[in-house]
Amino acid sequence: MKLLSFLTLVALSGTSAAQSGSPQTSGNEKALDSVLVASGFTRPLALTSPPGDFDRVFVTEQDGAVRIVKNGSVLPTPFLDLSALTLSPSDGGSHFERGLLSLVFHPDYASNGFFFVNYTTNEGDTVIVRYTVSGDADIADPASAQTFLTAAQPFRNHNGGTLLFKPSDPNNYLYITLGDGGSGNDPEDNGQDLTTMLGKILRIDVDAGPPADPANPNTPGDNPFEDGAGPNEDSIWAYGLRNPYRVSFDRQTGDLYIGDVGQVALEEISFQASSSAGGENYGWSIFEGTRCNTGATGRVVTQQVCDDLAGHIPPIYEYGRGDGVAVIGGYVYRGSAIPSLQGHYFFADNGTGRIWSFVYDGATVTDFVERTGEAAPAGMFISSFGEDAAGELYVVDLGGGAVYRIIDPDAPVIFANGNGAGMAEVGDRVELSFDVTSSSEPVSLRWLKDSNAINTDDSIVDVNSEMLVINPVRLSDSGTYELEVDTGTKAVVLSPALVLQVVAVGAVPAVGFFGLFAIAAGFVIAGASAVRRRVPQK
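Residues numbered from 1 in each chain as written. Predicted model: local features only at pLDDT ≥ 70, side-chain atom pairs only at ≥ 80, totals over all residues. Heavy atoms only, no water.

Peer 1: Would you take a moment to explain unusual backbone geometry for this structure?
Peer 2: Most peptide bonds are trans, and most residues other than glycine sit at a negative phi. Here Trp284 and Ser285 are connected by a cis peptide whose omega angle stands at 5°. In this model, Asn471 is joined to Pro472 through a cis peptide bond whose omega is 5°. Position of Pro472 among the secondary structure elements: in the loop between strand 34 (467–470) and strand 35 (479–486). Although it is not a glycine, Ser183 adopts a positive phi angle of roughly 65°. Looking at where Ser183 falls in the secondary structure, it is placed in the loop between strand 12 (173–178) and strand 13 (200–205). One non-glycine residue with positive phi stands out, namely Ser451, at about 70°. Here Ser451 shows up in the loop between strand 31 (444–449) and strand 32 (452–453). (Helix = DSSP H or I, 4+ residues; strand = E, 2+ residues; numbered from the N terminus.)

Right, here's the structure in full:
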């Protein structure tokens, strides 16, 4: 095993599985690029944003912290820190697949402040816990914890780890992925056992509130194995999975894409249509991908057993040991920055750092493209993809402690240097300015004060494309100023904020006058928000 890699779950034996060719590039692909969004993370595993929040992304670190990237910077105080509760690699031992594995915001987060985390407890078990944001939007309330599910883990690996809500689900049911419990070849036969949560995708009812016993979560009445008694586990939505570590819904169609990490031969991407009523059997441990898994140890598997298994769902795509060792499921692109990528599903391999994309129409995989080295720097230990509120895609680098955003290198880029008065006295002349250039197309601009468009009045003598002059300045002019940049065809982005504090005459401390200051930032026009890149000041 590669100890630097989070999900390289197979001891390579030198054997290669037969498969229908290695991934091939279509030749018609749109070339991509990536931009560094933030770095300095400790073993980052996931990235997400609250619904409708275009200003922040949240990065989950394996050791237990959730960090916020806001206005291009990583906030110094974690949004939430569960390191004292979480068993992870920093605790020593072979805990490479344990820790804080994922975070998801409730669809109604803007009104209820709820979010859910999936982590491994100090006892080695999986828990799904709900927290609530505090009065500070950038800090969660650690005392608000409510446990919604617990699952005992018999081994140190195959914890699964994804939490997700289905788009446009009026019931807000929470989906949870759990691996088969670990070791190798499913020794407890959990993948096919309908009395256990392990080796499954679960669906629970979180709006019903915390259950009396988290080992028996509240479940929707239309779950496929819901019977109100036994012997089946009521929370099961789909089964026959080995380690569905990264799973995602297409935010437009509601289709489910499942990255299931393989055993010794094949990595697989499986699929569930949005119209499904659940209950699919994806085959593990009888099958590994399309391969009959005669090495299963929890049951006797022969070719005849595989031939007789009725109704199991094979993967829509698989690849062998020549191309990688641990699949990282990604997302279907639904952002606005790169229209040509609409409907393309991205995924990667953790052990090799390779990235690919394809289009699936419910029956056939087409437009297969290798993206290694363009969607993110080559040679990374990719632990996850991420999706922000605008649907733009990110790549999470476990080894490098960084996150990157996938961009179109041909999209217009705006560079801006800003100057503004940090503090001024009533009656002063204040200039707020940005030097703006567009890389490829015209732009229109307008000034905002405290997020509202400024109405010109007699105190503002000059408003043009790049400078706002306030002369004379008044106490009411205190506030946060931004320049809104609209390319017309690509997106709208905002400049960095220039904060102006106006005080009474004589109230500026002798050493406290901020004078003019400079802010440098680059903007990649993409979606409804901007990726900030540091650029040299002019």
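Resuming the write-up.
Peer 1: Is there a simple way to explain the sheet that holds strand 10 (residues 140–151) in this structure?
Peer 2: The strands making up a sheet associate through hydrogen bonds between their backbones, and the pairing can be parallel or antiparallel. Spatially, the four strands line up as an open sheet ordered 7-8-9-10, and their pairing is antiparallel. Here the strands that pair on one side only, and so sit at the sheet edges, are strand 7 (100–105) and strand 10. With strand direction ignored, the average angle separating the axes of adjacent strands in the sheet is 25°. As judged from the seven bridges shared by strand 8 (residues 114–120) and strand 9 (residues 126–133), these two strands associate in the antiparallel manner. Bridging across to strand 9, Phe116 finds its partner in Arg130. (Pairing = 2+ DSSP bridges. Axes fitted to C-alpha atoms, helices over the stretch in contact; angles between N-to-C directions.)

Peer 1: Where do I start with the nonpolar core in this structure?
Peer 2: Across soluble globular proteins, you tend to see nonpolar side chains buried next to one another. Ranked by size, the top nonpolar core spans 24 residues in total, and within it Phe346, Ile355, Phe385, Val395 and Ile406 carry the most contacts. Elements represented by at least two residues in this core include exactly strand 22 (345–349), strand 25 (382–387), strand 26 (393–397) and strand 27 (402–407). Broken down by element, this core gets its largest block of residues, three residues, from strand 27. Within the second largest apolar cluster, 20 residues are counted, among which are Val104, Leu163, Leu194 and Met197. (Core = buried A, V, L, I, M, F, W, Y, C linked by side-chain atoms within 4.5 Å. Buried < 20%, exposed > 50% of the residue type's maximum accessible area, 1.4 Å probe, protein only.)

Peer 1: Just checking my understanding: could you explain the pattern of salt bridges for this structure?
Peer 2: Where charged atoms from two side chains of opposite charge approach closely, those side chains can pair. With the rule as written, the count across this model stands at 15 salt bridges. Notably, a salt bridge pairs Arg56 with Asp53, separated by 2.7 Å at the nearest N-O pair. When sorted by exposure, Arg56 lands in the same class as Asp53, which is buried. Lys70 is paired through a salt bridge with Asp138; the nearest N and O atoms lie 2.9 Å apart. Taken as a pair, Lys70 in strand 4 (residues 65–70) and Asp138 in the loop between strand 9 and strand 10 lie far apart in primary sequence, 68 residues in all. Judged by its relative accessible area of 29%, Lys70 is partly exposed. (Salt bridge = Lys/Arg side-chain N within 4 Å of Asp/Glu carboxyl O.)

Peer 1: When you look at the pairing of strand 26 in this model, what are you seeing that I'm missing?
Peer 2: On any regular strand, side chains alternate: one points to one face of the sheet, the next to the other face. Within strand 26, five of the five residues are buried, which leaves the element mostly enclosed by the surrounding structure. The two faces of strand 26 match: Leu393, Val395 and Asp397 on one face and Tyr394 and Val396 on the other face are all buried. Alignment of strand 25 against strand 26, held across five bridges, turns out to be antiparallel. The residue bridging Ile382 from the neighbouring strand is Asp397, located in strand 26. Turn length for the strand 25-strand 26 hairpin, with the two strands adjacent in sequence and antiparallel, is five residues, and the turn residue Gly391 shows positive phi of about 85°.

Peer 1: What am I meant to see in the state of the cysteines here?
Peer 2: Joining two cysteines, a disulfide is a covalent bond between their sulfur atoms. One pass over the structure, following the stated rule, counts one disulfide. Disulfide partner of Cys292: Cys306, at an S-S distance of 2.1 Å. One quick way to see it: the torsion about the S-S bond of Cys292 and Cys306 is about 85°, and its sign makes the bridge right-handed. Residue Cys292 is located in strand 19 (residues 291–292), and its partner Cys306 is located in helix 2 (residues 303–308); the two are separated by 14 residues in the primary sequence. You'll find Cys292 and Cys306 in the same group, each marked buried. (Disulfide = S-S within 2.5 Å.)

Peer 1: It is not clear to me how a nonpolar patch on the surface should be interpreted in this structure. Could you clarify?
Peer 2: A surface patch of nonpolar side chains, amounting to about 270 Å² of accessible area, comprises Val426, Leu475 and Val505. Residue placement: Leu475 occurs in the loop between strand 34 and strand 35. Under the relative-accessibility criterion, Leu475 is labelled exposed at 51%. (Patch = residues over 30% accessible without salt bridge, like charges linked within 9 Å, V, L, I, M, F, W, Y side chains within 5 Å. Areas by Shrake-Rupley, 256 points an atom, 1.4 Å probe, with all protein chains shown as cover.)

Peer 1: So what exactly am I meant to see when it comes to the pairing of strand 23 (residues 355–360) here?
Peer 2: Of all six residues in strand 23, six are buried; the element is thus mostly enclosed. Neither face of strand 23 is exposed, since Ile355, Ser357 and Val359 on one face and Trp356, Phe358 and Tyr360 on the opposite face are all buried. Bridge count for strand 22 against strand 23 is four bridges, and the pairing is antiparallel. Paired with Phe346 across the bridge in strand 23 is Ser357. Taking the residues between adjacent antiparallel strands as the criterion, strand 22 and strand 23 are bridged by five residues, where Gly353 takes a positive phi near 75°. Inspection of the sheet shows strand 23 paired to strand 24 (residues 365–370) by four bridges, in the antiparallel sense. Within strand 24, the residue paired with Tyr360 across the bridge is Val365. Following strand 23, the chain reverses through four residues before pairing antiparallel with strand 24; Gly362 in that reversal takes a positive phi of roughly 95°.

Shape descriptors only; they carry no functional weight alone.
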